[in-house]
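Architecture and fold: a report
For reference, the chains in residue letters:
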Amino acid sequence: MIEEDAAKSEIHCFSDASTTGYGACAYLRQITKEGEVKCSYLLGKARVAPLKMITIPHMELQAAVVATQLVSVLERELKDFLLANTATHYWCDSMIVLNYISNDAKKFKVYVANRIQQTRDVSTPTQWHHIASRNNPADHASRGSEVKDIIRHWINPPNFLQQSDIKIPTTKLEKTTDKLPEARCLSTSVKEIPGLLGMMERYSKWETLINIFAVFIRLDPYTDDDGIVRIRERLKYCTTFTIDLKHPAILPKTCNITNLIVQYYHRLTGHSGRGLTTATIRQNGYWITGLSTAVSTVINNCVICKKLRGNTETQKMADLPAVRLEPATPFHYSGMDCFGPFHAKDGRCEVKRYGLMFTCLTSRAVHIEMLDDLTTDAFLNSLRCLIAMRGSVKSLYSDQGTNFRGAQTELKKNLAEINEELHKNLQKSLNVNFFLTPHRRATWEAFGKDRLEQRDRLWKD
Ligand SMILES: [Zn+2]
């Protein structure tokens with residue numbers, strides 16, 4: 001790697017960073033006495049970005065620190081092999097970092113200042129040059145690459161290093177001065193004029209001021225011995241009421257004390273509504289201007305009331321199925337469900353009987369059959385009764401009841417046994433399509449439940 005007949009040698013170190021990582025890589029460039037350029041990879045380091053988010057310029061600066069650390073290691077380890085006059089060049093694609101490093105003014109925050117110092121300990125600003133991102137091999141360290149790309153772009157030195165003459169770009173950096181820009185701290189204070197004059201200052205129109213004070217004077221207020229402004233009611237000679245009830249204290253609507261008083265009485269009345277809260281506040285000797293609004297505001301902002309009185313969100317209903325919208329004869333499209341059992345007398349025995357409810361999905365008509373038990377045979381007999389009385393049924397919807405599933409299997413088996421021509425004819429006229437849906441509160445089940453509740457109410461009556 002190190003040429004014995006090298007006339008000139010240089011270390012080129014590249015750094016780069018992104019949101020995912022940062023890193024640096026260094027190459028040795030040697031020119032033999034014959035003028036041949038030989039370039040080789042020396043050392044590289046890639047790190048993932050810290051979990052705590054930092055800005056890209058700060059990451060780039062951290063990558064520059066890694067670059068200087070790499071060069072320090074190389075210079076220490078290769079000092080016996082390299083030429084004494086080996087020059088070191090640093091390459092970076094961030095102008096912000098180059099400005100940071102060339103900046104002599106001490107006006108950076110601790111994070112930046114520390115890292116600038118680390119780079120300045122090892123390098124000088126003149127050693128740092130700008131390179132376009134597309135030519136920067138350290139770009140692969142910052143965002144990760146596949147193995148083949150690492151060999152092609154990272155292990156193999158960049159093309160421009162292998163040319164006989166490298167043009168070091170002259171980068172125009174921002175001029176920095178030691179003089180810090182002047183910073184001024186301005187503060188604004190608001191002085192509130194207390195008392196009546198202060199209240200008058202709030203209004204910009206004469207007629208508004210007159211109207212407001214007219215309302216206030218109409219209340220006929222007076223100040224008691226303790227300095228509390230109270231209303232002069234007509235209950236002066238009432239001996240059973242306290243002073244607070246006879247002459248309630250006036251409080252403004254928008255005031256923190258008013259808000260706390262309203263909240264207190266709202267909680268005291270067990271989070272009751274506006275009427276009871278308002279009455280309780282009046283009973284306790286407070287005359288709050290715009291009391292209803294103040295109480296409403298408190299109730300609207302009360303979390304417990306929102307939980308107790310708030311409406312629950314409803315789910316958006318799906319579109320109705322086609323069978324409920326197609327015009328058809330009654331029970332052409334039907335849903336069915338079993339209900340019961342009911343205890344009935346058969347001679348001296350008590351037996352269980354069940355109901356089978358057919359619901360027409362188009363007209364919502366209902367047909368109820370009685371089932372002796374929940375067997376397939378009992379169900380098929382009931383279905384036969386329905387078809388005999390109401391006409392053909394094209395589609396039947398039900399849950400996954402064992403009797404319904406048995407009936408579906410039985411009908412399929414019987415249809416398979418009869419000859420093909422008859423099968424075709426039957427499919428046109430008599431065949432029933434079963435749709436066994438999951439257990440859920442579907443139209444027919446809900447209907448059945450409503451009828452059962454109605455029956456229970458009637459029987460109790
Ligand atoms: Zn409440």
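A brief report on the enclosed structure follows. (Residues numbered from 1 in each chain as written. Predicted model: local features only at pLDDT ≥ 70, side-chain atom pairs only at ≥ 80, totals over all residues. Heavy atoms only, no water.)

Counting residues in hydrophobic clusters, the biggest one holds 29 residues, and the most contacted among them are Cys-13, Leu-42 and Trp-128. At the level of secondary structure, the elements contributing two or more residues to this core comprise strand 1 (6-17), strand 2 (21-32), helix 1 (56-77), strand 4 (87-92), helix 2 (95-102) and helix 3 (110-122). If we skip the residues at most four places from it in the chain, Trp-128 touches Ser-15, Ala-64, Ala-67, Thr-68, Tyr-90, Cys-92, Leu-98, Ile-101, Thr-119 and Ser-123. Phe-331, Tyr-354, Cys-360 and Ala-378 belong to the second largest nonpolar core, which has 16 residues in total. (Core = buried A, V, L, I, M, F, W, Y, C linked by side-chain atoms within 4.5 Å. Buried < 20%, exposed > 50% of the residue type's maximum accessible area, 1.4 Å probe, protein only. Helix = DSSP H or I, 4+ residues; strand = E, 2+ residues; numbered from the N terminus. Contact = heavy atoms within 4.5 Å.)

Next up on the list: unusual backbone geometry. Notably, His-271 is not glycine yet its phi reads approximately 55°, a positive angle. Within the element layout of this structure, His-271 appears in the loop between helix 9 (256-268) and helix 10 (274-283). Accessibility expressed as a relative area gives 16% for His-271, which makes it buried. Of note in this structure, Phe-331 is not a glycine but carries a positive phi near 65°. Looking at the element boundaries, Phe-331 is found in the loop between helix 12 (303-309) and strand 10 (333-346). According to the relative accessible area criterion, Phe-331 is buried, its value standing at 3%.

Interhelical geometry of helix 9 versus helix 10 gives an angle of 115° and a closest axis separation of 9 Å. Along this stretch, helix 9 crosses helix 10, giving a crossing that reads as right-handed. Touching Val-262, Tyr-265 and His-266 of helix 9 are Thr-277, Thr-280 and Ile-281, all from helix 10. A breakdown of the residues in the contact of helix 9 with helix 10 according to their chemical character gives three nonpolar, three polar and no charged. (Axes fitted to C-alpha atoms, helices over the stretch in contact; angles between N-to-C directions. Left-handed = near helix turned anticlockwise from the far one by under 90°. Nonpolar A, V, L, I, M, F, W, Y, C, P; charged D, E, K, R; others polar.)

This brings us to the coordination of the zinc ion. Only His-266 (NE2), His-271 (ND1), Cys-302 (SG) and Cys-305 (SG) from the protein coordinate the zinc ion, and they sit 2.0 to 2.2 Å from it. Around the zinc ion sit four donor atoms; with metal-centred angles ranging over 92 to 122°, the donor geometry is tetrahedral. Read N to C, the donor residues that coordinate the zinc ion are spaced as H-x4-H-x30-C-x2-C. Of this pair, His-271 sits in the loop between helix 9 and helix 10 while Cys-302 sits in the loop between helix 11 (291-301) and helix 12; the two residues are 31 residues apart in sequence, bridging distant segments of the chain. (Donors = N, O, S within 2.8 Å, 3.2 Å for Na, K, Ca; no water. Tetrahedral: all angles 85-135°; square planar, octahedral: opposite > 155°, others 65-115°.)

This part takes up the environment of Tyr-22. With respect to the element layout, Tyr-22 can be found in strand 2. Residues Tyr-22 and Val-48, 26 residues apart in the sequence, show an inter-C-alpha distance of 6.3 Å.

Turning next to the sheet that holds strand 4. Taken together, five strands build an open sheet; the order of strands is 3-2-1-4-5 and the sheet is mixed. One side of each edge strand has no neighbouring strand; the edge strands of this open sheet are strand 3 (37-48) and strand 5 (128-130). Geometrically, the sheet is characterised by an average inter-axis angle of 25° between neighbouring strands, direction not taken into account. Taken together, the six bridges between strand 1 and strand 4 define a ladder with parallel strand orientation. Counted as the bridge partner of Glu-10 is Ala-87 from strand 4. On the sheet, helix 1 packs against strand 1, strand 2, strand 3, strand 4 and strand 5 and is oriented at approximately 40° with respect to strand 2. (Pairing = 2+ DSSP bridges.)

Turning next to the pattern of salt bridges. A full pass over the atoms with the stated rule returns six salt bridges. A salt bridge links Lys-8 to Glu-10, with the nearest nitrogen and oxygen atoms 3.6 Å apart. Overall, the relative accessible area of 42% leaves Lys-8 in the partly exposed class. One salt bridge connects Asp-224 with Arg-230, and the closest N-O pair in it is separated by 2.9 Å. Like Arg-230, Asp-224 is buried. Each of the salt bridges in this network shares a partner with another, and the network as a whole consists of Lys-8, Glu-10 and Arg-29. (Salt bridge = Lys/Arg side-chain N within 4 Å of Asp/Glu carboxyl O.)

A few words now on the packing of aromatic side chains. Going through the model one piece at a time under the given rule, you end up with 10 aromatic pairs. Ring centres of Phe-14 and Phe-160 lie 6.1 Å apart, and the angle between their planes is 85°; on these two criteria the pair is classed as edge-to-face. Placement of the pair is Phe-14 in strand 1 and Phe-160 in the loop between helix 5 (147-155) and helix 6 (195-201), with a sequence separation of 146 residues. With a centroid separation of 4.6 Å and 15° between ring planes, the pair formed by Tyr-90 and Trp-128 is classed as stacked. Taken together, the residues span a long stretch of sequence, with Tyr-90 in strand 4 and Trp-128 in strand 5 at a distance of 38 residues. Taken together, Phe-14, Tyr-27, Tyr-41, Trp-91, Trp-154 and Phe-160 form an aromatic cluster joined through their ring pairs. The ring centre of Trp-287 lies 4.9 Å from the NZ or CZ of Arg-282, which sits over that ring. (Phe/Tyr/Trp six-rings, centres within 6.5 Å; stacked < 30°, edge-to-face > 60°. Lys NZ or Arg CZ within 6 Å of the ring centre and 35° of its normal.)

This part takes up the packing of helix 1 against helix 3. Packing of helix 1 against helix 3 brings their axes to within 9 Å, and their N-to-C directions diverge by 25°. In terms of orientation, helix 1 and helix 3 fall into the roughly parallel class. As for the relative orientation of helix 1 and helix 3, their crossing is left-handed in sense. Where helix 1 abuts helix 3, its residues His-58, Leu-61, Gln-62, Ala-64, Val-65, Thr-68, Gln-69 and Ser-72 lie against Tyr-111, Val-112, Arg-115, Ile-116, Gln-118, Thr-119 and Val-122. Looking at the contact of helix 1 with helix 3 residue by residue, the class counts come to seven nonpolar, seven polar and one charged. (Parallel < 35°, antiparallel > 145°, perpendicular 65-115°, else oblique.)

The topology assignment puts Ser-9 in strand 1. On the accessibility criterion, Ser-9 (3% relative accessible area) is buried. Side chain to side chain, Ser-9 and Thr-86 meet in a polar contact 2.7 Å long. Once you skip the residues sitting within four places of it in the chain, Ser-9 turns out to touch Leu-28, Arg-29, Gln-30, Leu-83, Asn-85, Thr-86 and Ala-87. (Polar contact = N/O pair within 3.5 Å; in protein donor to acceptor, adjacent residues only side chain to side chain.)

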